[in-house]
Amino acid sequence: MEGFLVALVVSFGVIFVAELGDKSQLMALTFATRFKTVPVLIGITVATAVVHLASVAIGYGLGAALPTEWISLVAGLAFLGFGAWTLRGDSLTEEEKRKAEKSGKSAIVAVSVAFFLAELGDKTMLATITLATQYGWFGTWLGSTIGMVAADALAILVGRMLGRRLPEKTIKYGAAVLFAICGLWLILEAVTQLT
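Residues numbered from 1 in each chain as written. Predicted model: local features only at pLDDT ≥ 70, side-chain atom pairs only at ≥ 80, totals over all residues. Heavy atoms only, no water.

## Re the packing of helix α2 (residues 23-34) against helix α6 (residues 105-119)
Next, step 1: As a packed pair, α2 and α6 sit with axes 11 Å apart at the nearest point and diverge in direction by 165°. Regarding the angle of α2 to α6, the classification is roughly antiparallel. The way α2 lies across α6 gives a crossing that is right-handed. Along its contact with α2, which presents K23, S24, M27, A28 and F31, the element α6 presents A110, V111, A114, F115, A118 and E119.
Next, step 2: Looking at the contact of α2 with α6 residue by residue, the classes come out as eight nonpolar, one polar and two charged. (Axes fitted to C-alpha atoms, helices over the stretch in contact; angles between N-to-C directions. Helix = DSSP H or I, 4+ residues; strand = E, 2+ residues; numbered from the N terminus. Parallel < 35°, antiparallel > 145°, perpendicular 65-115°, else oblique. Left-handed = near helix turned anticlockwise from the far one by under 90°. Contact = heavy atoms within 4.5 Å. Nonpolar A, V, L, I, M, F, W, Y, C, P; charged D, E, K, R; others polar.)

## Examining helix α7 (residues 123-134)
Next, step 1: Between its first and last C-alpha, α7 extends 17 Å over twelve residues, near the 16 Å set by a 1.5 Å rise per residue.
Next, step 2: For α7, the set of buried residues is T124, M125, A127, T128, I129, L131 and A132. (Expected span 1.5 Å × (residues − 1). Buried < 20%, exposed > 50% of the residue type's maximum accessible area, 1.4 Å probe, protein only.)

## Here we look at the packing of aromatic side chains
Next, step 1: A complete count under the given rule lists six aromatic pairs for this structure.
Next, step 2: Both rings, one in F31 and one in F115, keep their centres 6.4 Å apart while their planes meet at 40°; by these two values the pair is tilted. One end of the pair, F31, is in helix α2; the other, F115, is in helix α6, and 84 residues separate them in sequence.
Next, step 3: Ring geometry for W137 versus F138: centroids 5.6 Å apart, planes at 75°, classification edge-to-face.
Next, step 4: Linked through ring pairs, F4, W137, F138 and W141 together constitute an aromatic cluster. (Phe/Tyr/Trp six-rings, centres within 6.5 Å; stacked < 30°, edge-to-face > 60°.)

## Observations regarding the packing of helix α1 (residues 2-19) against α7
Next, step 1: Running from N to C, α1 and α7 point in directions that differ by 160°, and their axes come no closer than 10 Å. Taken together, the axes of α1 and α7 are roughly antiparallel relative to one another. With respect to the hand of their crossing, α1 and α7 are arranged in right-handed fashion. On α7, the residues touching V10, S11, V14, I15, A18 and E19 of α1 are K123, T124, A127, T128 and L131.
Next, step 2: Along the lines of polarity and charge, the residues of the contact of α1 with α7 split into six nonpolar, three polar and two charged.

Here it is as structure tokens:
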């Protein structure tokens, strides 16, 4: 049990600190201005749990790495597309708005996919792989997942507060800019790794 607690505490601390100011927090902030808090948090948790489970499997079991530079490049291009889509905007009928507010399924899927793509090859994934080579897989997985979700929950809280005070047009342009920043960040990381 002692090894589990050490892995849990160390991985929580390392990943929480690594996540502060990361592009994932910008994404959490962006999604929190567009969707309800609970579906965004569920989406982040699902994606984080899956990515970090893969990370500990790599670090603990295989000791190998994924071709993260290509994944980052594809994810970066996708985020540029998300930014353009946000600027184009969508119009919902009143019935679609009511359904969107009632059901968080589409928000959960959108957030999960976006976070999954963004986290592949991210510093938190690489940190989790490294931690898993030194500590037990379960404590590392649980601690890193909780650490990342906690850090992104801070961004969600900020996003929800801003979403109540900012006009819709400002949120739309802000979200597009944040998606573009995330996309360019991922592309820059990929290009740096490929050279």
